[in-house]
Amino acid sequence: MSSLPTTTGAPRIGAFFDMDKTLIAENSASLFMKHRYARGEISGVDLLRGLGAYVQYKIGVLDIRNWTTSVMQQFRGQSEAELEKEALEWFDDAVAPTLYPDAEALVREHDAAGHFVAIVSGATKFVVKPLASRLSIHHILYTRLEVEGGVFTGRVIEPICFEEGKIYWLQQFIEEHGIDLAKSWFYTDSITDRPLLDLVGHPVAVNPDPMLYREAVRRRWPVRFFRPPPPLRAAESGAEDD
């Protein structure tokens, strides 16, 4: 990537990143469902239903709002603190190894240029927050779960951070921090983020799905393909167990 312009004064420049398949090489929701299945917390039918929903999402036929509202019911009555602890351990084991090295380098470059770097994801903070911490990103926008007395109610705070909902939460963010979208970047792999790509001056397709690739080519947006993260070495895993 060529040298980025630095921020020397107001208005500020933003660099916004989608998470799944953009910063990390996997879908975090699918990884977490597999984790819960391995722990006996969901059935095989639930796992297949979740993986099927991901396929529907990728081809653009999933009602993401209804799906999110329904699936978050599973956390009703669960302690927020307990889920945060569990998710942090799961992140270290399953998510951190999927981080794209190229994505990490790009985040560092934007940060060095003085840009306001943020993750904008439809996932919850229980995966977005650990990833942001790993990348030294201080701003995150995500789907929020309602909590009362430290316990999940099973309800989602509207709007979910997806499609137009991402724009809603981003609008609050840019107004708070005085960010000029016309000078800002947004990186994503998914055509579902087209509304946000249309808002920024520097839209970038990263590891794009077929529909986004066609759109990027048609509109002459930059397209980037990140190198896959290095595979975990069995020897290293064994050494950690010793």
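About the thresholds
- Residues numbered from 1 in each chain as written.
- Predicted model: local features only at pLDDT ≥ 70, side-chain atom pairs only at ≥ 80, totals over all residues.
- Heavy atoms only, no water.
- Helix = DSSP H or I, 4+ residues; strand = E, 2+ residues; numbered from the N terminus.
- Buried < 20%, exposed > 50% of the residue type's maximum accessible area, 1.4 Å probe, protein only.
- Contact = heavy atoms within 4.5 Å.
- Expected span 1.5 Å × (residues − 1).
- Phe/Tyr/Trp six-rings, centres within 6.5 Å; stacked < 30°, edge-to-face > 60°.
- 1 Å grid on protein atoms, 1.4 Å probe; cavity = no way out; pocket = protein on both sides within 12 Å on 5 of 7 lines; lining within 4 Å.
- Points joined across faces, edges and corners; volume = space filled by probe spheres on them.
- Axes fitted to C-alpha atoms, helices over the stretch in contact; angles between N-to-C directions.
- Parallel < 35°, antiparallel > 145°, perpendicular 65-115°, else oblique.
- Core = buried A, V, L, I, M, F, W, Y, C linked by side-chain atoms within 4.5 Å.
- Nonpolar A, V, L, I, M, F, W, Y, C, P; charged D, E, K, R; others polar.

## Some thoughts on the overall build of the chain
When its secondary structure is counted, the chain shows 10 helices and 8 strands. A burial count over the chain gives 47% of its 242 residues as buried. In the chain, the share of contacts with a sequence separation of at least 24, taken over all contacts with a separation of at least 6, comes to 62%.

## Concerning helix H7 (residues 164-177)
For the α-helix, the turn length of 3.6 residues means that residues three or four positions removed from each other point alike. Look at H7: 20 Å from first C-alpha to last across 14 residues, which is about the 20 Å you get at 1.5 Å a residue. For H7, the set of buried residues is Gly-165, Lys-166, Ile-167, Trp-169, Leu-170, Phe-173, Ile-174 and His-177. Packed against the buried residues of H7 are strand E1 (14-17), strand E2 (116-120), strand E3 (139-141), strand E4 (144-148) and helix H8 (194-197). Looking one or two places after H7, you find Gly-178, whose phi comes out positive at around 65°.

## Looking at the packing of aromatic side chains
Inspection of the entire model under this criterion finds 10 aromatic pairs. Look at Phe-126 and Phe-152: their rings are 5.7 Å apart centre to centre, the planes differ by 80°, and that puts the pair in the edge-to-face class. Within this pair, whereas Phe-126 is found in helix H6 (residues 125-134), its partner Phe-152 is found in strand E5 (residues 151-157), the two being separated by 26 residues in sequence. The two residues Phe-126 and Phe-152 agree in class, both being buried.

## Quick word on the layout of surface pockets
There is about 150 Å³ of room inside the second largest pocket. Together, Met-33, Ile-42, Asp-46, Arg-49, Trp-67, Ser-70, Val-71 and Gln-74 line the second largest pocket. Mapped onto the lining of the second largest pocket, the elements with two or more residues apiece are helix H2 (44-58) and helix H3 (64-71). The element best represented in the lining of the second largest pocket is H3, accounting for 3 residues.

## Re the packing of helix H1 (residues 28-38) against helix H4 (residues 80-95)
Put simply, H1 and H4 touch, their axes get as near as 11 Å, and they point 110° apart. On the basis of the axis angle, H1 is roughly perpendicular to H4. Every residue of H4 that contacts H1 at Ser-28, Leu-31, Phe-32 and His-35 is listed here: Leu-83, Glu-86, Trp-90, Ala-94 and Val-95.

## A look at the nonpolar core
Core analysis: the largest hydrophobic core is formed by 47 residues, its most contacted members being Phe-17, Met-19, Leu-23, Ile-119, Val-127 and Leu-131. Beyond its immediate stretch of four places on either side in the chain, Ile-119 contacts Phe-17, Met-19, Leu-23, Val-128, Leu-131, Ala-132, Ile-137, His-139, Ile-140 and Leu-141. Core analysis: the second largest hydrophobic core is formed by 21 residues, Phe-16, Val-120, Ile-179 and Leu-212 among them.

## Description of empty space enclosed by the protein
Summed over all chains, the structure comprises 1 cavity of 30 Å³ or more. For the largest cavity, the calculated volume is near 820 Å³. As for the largest cavity, its lining consists of 42 residues, of which Asp-20, Ser-28, Ala-29, Gly-122 and Ala-123 are closest to the centre. Contributing elements (two or more residues each) for the lining of the largest cavity: H1, H2, H3, H4 and H6. Among the elements that make up the lining of the largest cavity, the one with the highest residue count is H1 (6 residues). For the lining of the largest cavity, the class distribution of residues is 22 nonpolar, 12 polar and 8 charged.

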